[in-house]
Amino acid sequence: MTRIYTGISLYGLVLALLLTFNAQADTQSVRIGVYENPPKIMLGSDGRPSGILGELLQEIALREDWQLQAVPCNWDACLQLLQEGKIELMPDVAFSEQRQTQMSFHRLPALHSWSQIFRHSDVQIDSVLDLDHKRIAILAGSIQQEYLEQVDSEFGIQMELIRVSDLQSALNLLAEGKADALATNNLFGGYHINGYNLEPTSILFQPARLFFATSLNQNTELLDRIDQWLDNWKTDPNSPYNHILKNWQSTIEVPVIPTFIWIGLSVLAGLLLLALLIMKHLRQVMHHIQRELQMSDAKLATILNNLQAYVYIKDPQHHYLYASPKVCELFGCSEEEIVGKTDQSFFDNESTAEIFRLDDRVLVSGDSIIKEEVNKLPGESEARTFLSVKVPMRDDQGKIYALCGLATDISEQKRHKKEVHQLIFYDVLTGLPNRRLLMDRLQHSLASRHNQQGNGAVILIDLDNFRTLNDTLGHQAGDQLLTGIAERLSKQIRVSDTLARFGGDEFMLLLEDLSADDTLLLNQVEQVLDKVIEAFERPFRIQNQDYTTSASLGVALYSDSKHNPEELIKRAELAIYDAKKVGRNQIRFFDASMQQKAEHRAELEFGLRRALKNQEFILYYQPQYHAEGQMTGVEALIRWQPPEQPLVSPADFIPVAEMTGLILPLGQWILHTACKQLVSWASHPDTAHLTIAVNISAAQMHHNSFVDDVLSILKQTGAPAQQLELELTESLLIDNIEQTIEKMLILKAEGIRFSLDDFGTGFSSLNLLINLPLDTLKVDQAFVRNMHRDARDLAVVRTIIDLGRSLALNVIAEGVENLDQRDALQRFGCRSFQGFLYARLMPIEAFESHSNTIPPCESLSY
């Protein structure tokens, strides 16, 4: 009898041991990369992770039944182990967008810190500038290294960055006098202040959020649990998290399993038998459920096999988990060949990228999407349009684990809709918008203008002698001419404009978003008119022979219509009627004043061409003075002197020159004349030091041959390049800034100087100003004129002068007209001046007389 009880007791003990073994087998082993970065993370004397993050992880492991295995390594080695999957977690990783592409992070930061420079007590470092030629110890591959390398390159601070594999090596370098400072996080630096004679500096940067990290998209369940505990503990002042932060050096006592637990093992043996009975019952229930599921699956398969739609399921990495028969038919593959692949295997790159973007909205953000997708399959000439519905699939905890999509091919319906739209709103012969669509767009455009500033115009184009062509060569020839005109005009207009077939032999141009300023408006309309006229200058090929035709153009502006499209069209037709009265191939504006301005502009253009041919231009010079009284150079400004007429202001003829392209030959004449003057001055000791500043237009700078033209003029004239200064305006720098800087550097290498005119009136940014290879910064005369009346202008003047001096640029103030202005500018630090206080604009003859005299002492004294 004793042997029986003994056998039963032994049997119970064996069962208990088996259960204990199974429980231990369920314990999850988690390998932790530990590098020395106290007080955040380090290896404890017991071989376990220690420090703030180490003990936090131990608290979580204790509650999650994780078996932590510390893997000592330096920073780079830890990162390598994480990427190779040889450790599951790495603590103390600062989040960055680049690292997010290499590893996964949990949601809530475990710690917040920032980077800071800690200097040796024998070294003086108070600001970033003090880092110049200092030896900075830094952890290789750290965010501090990225930041300081950027500072080194962008600000020209020559630091010697000493990269180390671990932070202890950095401390050793400081102790041995081989480094002047250490760049690290504030916690590590503060921890070692006393032990290594460190002093914190005021150089703080890169506030960081610190996380535990895993390999990219691996072990995310660990991160989820870490987030759960952080969420519970951070707001609880008595939680282990806050206890560790207050006193991280405290150890966690691991509870010892009481001996009475062993008594319960025999009870567990009995429970095991009960569990086996329950499992048998559950198997029967599961078998019944499985049969019902199989029946449901069969019904669902029948539905899906007959559903005329594409049904699919994808995992968070975009791999197909399921594909319906219609999807298999679309891809030409079996379901086994599709599952496990992504859309990259079935669509072109552009379509795949858009599919991934939409899928991520569902998988990452949890959005449900109904959207038309346009995707192209390899081998097909046209893309297909799908109406897609995509919804997230969630588990019991609400976590998204897949995407379910249903799509219908609506390509045919879209084609039919497009064909109907084409028939209703487009001309069958030319493919252009018809009268109905034009009137609709015009109505919307006029309504929009009612709420906004700006203007617009319609240009009615009426073909001359079109009926004669139809009568002599037939309607087929007329159709050929209409399609040819439509094709040419379509190439001449902006994307925002509308060209329409308005009638039998009429076309209509709708110009939107034009300037509200009359002068600019006229420029914009005339540019379009020039292109229309140019389209009719070349003959059209009609029935294998050249045919030349012309058109009469009538222009009406939005401002003439009072928001009524019919009235605006009527006025354009009246302008056409007026054009036909004075002869074919004419342009007329409905507005008489606008017509007068257009005629005046045409006269100016004709006069400019004549003036260039007959050398009617003159350069005027305005001296520039240093504060000590000597003349340093001049600014060359062009004037037009027509025969037996008064001077024409540049404000009148320069805009016309820019609009017509005459600014290019005019700019070359200015440069050539200025360079010849430099040659003349170079032969006289009194003037050899003078520079000439020449204004450069945007058209000149952006022209492909600008650099070659300037160098060619210097070579032809023999002018000293170092005495030539090219003045740029802020508006010139809006477009193609990289090409502009490249051209400036080429010319600057030859000795040519550059100045920025009208600074502060346009679009310059500090970054742009730093990158431009400038020599001089000019304060616009508008700021100088008003600085004693407007505190804002005064502040702008001071700011520009301070900025120029800080960038080692010469600063010259324009428009200095009285002593108060000059004295104030000098107090602000400006040392160069130009304006009526010193001298007015004058031709070369007057200038040479002026240069032999010295301005009054009272105008130049301090």
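Residues numbered from 1 in each chain as written. Predicted model: local features only at pLDDT ≥ 70, side-chain atom pairs only at ≥ 80, totals over all residues. Heavy atoms only, no water.

### Here's the deal with the overall build of the protein chain
Helix and strand counts for the protein chain stand at 31 helices and 32 strands. A burial count over the protein chain gives 45% of its 862 residues as buried. Put simply, of all contacts in the protein chain between residues at least 6 apart along the chain, 65% involve residues at least 24 apart. A total accessible area of about 45,600 Å² is found for the protein chain, and carbon and sulfur atoms account for 52% of it. (Helix = DSSP H or I, 4+ residues; strand = E, 2+ residues; numbered from the N terminus. Buried < 20%, exposed > 50% of the residue type's maximum accessible area, 1.4 Å probe, protein only. Contact = heavy atoms within 4.5 Å. Areas by Shrake-Rupley, 256 points an atom, 1.4 Å probe, with all protein chains shown as cover.)

### A look at the pairing of strand β22 (residues 551-557)
Of all the seven residues making up β22, seven are buried; the element is thus mostly covered by neighbouring parts of the structure. Alternating positions in β22 separate into two faces, Ala551, Leu553, Val555 and Leu557 on one and Ser552, Gly554 and Ala556 on the other, with burial throughout. Across seven bridges, strand β17 (residues 455-463) lies against β22 in antiparallel orientation. Residue pairing for β22: Ile459 is matched across the bridge by Val555. In this structure, β22 lies alongside strand β23 (residues 587-589), joined through three bridges in parallel fashion. Counterpart to Val555 in the pairing with β23 is Phe589. (Pairing = 2+ DSSP bridges.)

### Looking at the side chain of Thr717
With respect to the helices and strands, the residue Thr717 is situated in helix α24 (residues 706-717). From its side chain, Thr717 meets the backbone nitrogen of Ala719 in a polar contact 3.3 Å long. (Polar contact = N/O pair within 3.5 Å; in protein donor to acceptor, adjacent residues only side chain to side chain.)

### Observations concerning the sheet that holds strand β18 (residues 498-501)
Spatially, five strands are ordered β18-β19-β17-β22-β23 in an open sheet, and the strand pairing comes out mixed. The open sheet terminates on both sides in strands that have one partner only, identified here as β18 and β23. Sheet twist, expressed as the average angle between the axes of neighbouring strands with direction ignored, equals 20°. Sheet strands touched by helix α17 (residues 475-490): β17, β18 and β19 (506-514). Its angle to β18, the strand with the most contacts, is close to 175°. (Axes fitted to C-alpha atoms, helices over the stretch in contact; angles between N-to-C directions.)

### Observations regarding the sheet that holds strand β16 (residues 400-409)
Here we have five strands laid out as an open sheet, ordered β13-β12-β16-β15-β14, and antiparallel in their pairing. Looking at the sheet topology across the chains shown, the edges are occupied by β13 (320-323) and β14 (369-375). Across the sheet, the mean angle from the axis of one strand to that of its neighbour is 25°, orientation sign disregarded. Pairing between strand β12 (residues 310-314) and β16: five bridges, direction antiparallel. Of the residues in β16, the one forming a bridge with Ile313 is Cys404. Strands β12, β14, β15 (384-394) and β16 of the sheet are contacted by helix α13 (residues 349-363), whose axis makes an angle of about 170° with β14.

### Considering the packing of aromatic side chains
If you walk through the whole model with that rule in mind, you get 21 aromatic pairs. With 5.3 Å between their ring centres and 20° between their planes, Tyr625 and Tyr838 make a pair best called stacked. With a gap of 213 residues between them, Tyr625 in strand β24 (residues 617-626) and Tyr838 in the loop between β31 (832-833) and β32 (842-843) connect regions that are remote in the sequence. Each member of the pair, Tyr625 together with Tyr838, is buried. Linked through ring pairs, Tyr312, Tyr320, Phe331, Phe346 and Phe347 together constitute an aromatic cluster. One residue, Arg63, lies across the ring of Trp229, its end atom 6.0 Å from the ring centre. Looking at Arg488, its charged tip hangs above the ring of Phe540, at a distance of 3.9 Å from the centre. (Phe/Tyr/Trp six-rings, centres within 6.5 Å; stacked < 30°, edge-to-face > 60°. Lys NZ or Arg CZ within 6 Å of the ring centre and 35° of its normal.)

### Overview of the confidence of the model for the protein chain
Interpretation of the predicted coordinates at a detailed level should be avoided for regions scoring low in pLDDT. Summarising the model, the protein chain shows a mean pLDDT of 84, and 87% of its residues fall at 70 or more. With pLDDT under 50 throughout, residues 1-25 is counted as low confidence; its partners more than four residues away or in other chains account for eight contacts. Low pLDDT, under 50, characterises residues 853-862; the stretch is placed with 19 contacts to residues that sit more than four places away or in other chains. (pLDDT = per-residue confidence, 0-100.)

### Focus on the packing of helix α22 (residues 663-682) against α24
Contact geometry of α22 with α24 gives a least axis separation of 9 Å together with a crossing angle of 35°. Crossing handedness for the pair α22 and α24: right-handed. Within the contact between the two elements, α22 uses Gln668, Leu671, His672, Cys675, Lys676 and Val679 and α24 uses Asp709, Val710, Ile713, Leu714, Gln716 and Thr717. Grouping the amino acids of the contact of α22 with α24 by side-chain chemistry returns six nonpolar, four polar and two charged. (Left-handed = near helix turned anticlockwise from the far one by under 90°. Nonpolar A, V, L, I, M, F, W, Y, C, P; charged D, E, K, R; others polar.)

### A look at α24
Here α24 is 12 residues long and its end C-alpha atoms lie 17 Å apart, about the 16 Å a rise of 1.5 Å per residue gives. Within α24, the full set of buried residues consists of Phe706, Val707, Val710, Ile713, Leu714 and Thr717. Burial along α24 is one-sided: seen end-on, the buried residues are contained in an arc of 135°. Exposed residues on α24 whose side chains face more than 90 degrees from its buried face are Asp708, Lys715 and Gln716. Those residues of α24 that are buried lie in contact with α22, α23 (698-702), β27 (724-729) and α25 (737-749). Directly after α24, the chain includes Gly718, whose backbone phi takes a positive value near 75°. (Expected span 1.5 Å × (residues − 1). Arc of directions from axis to C-beta.)

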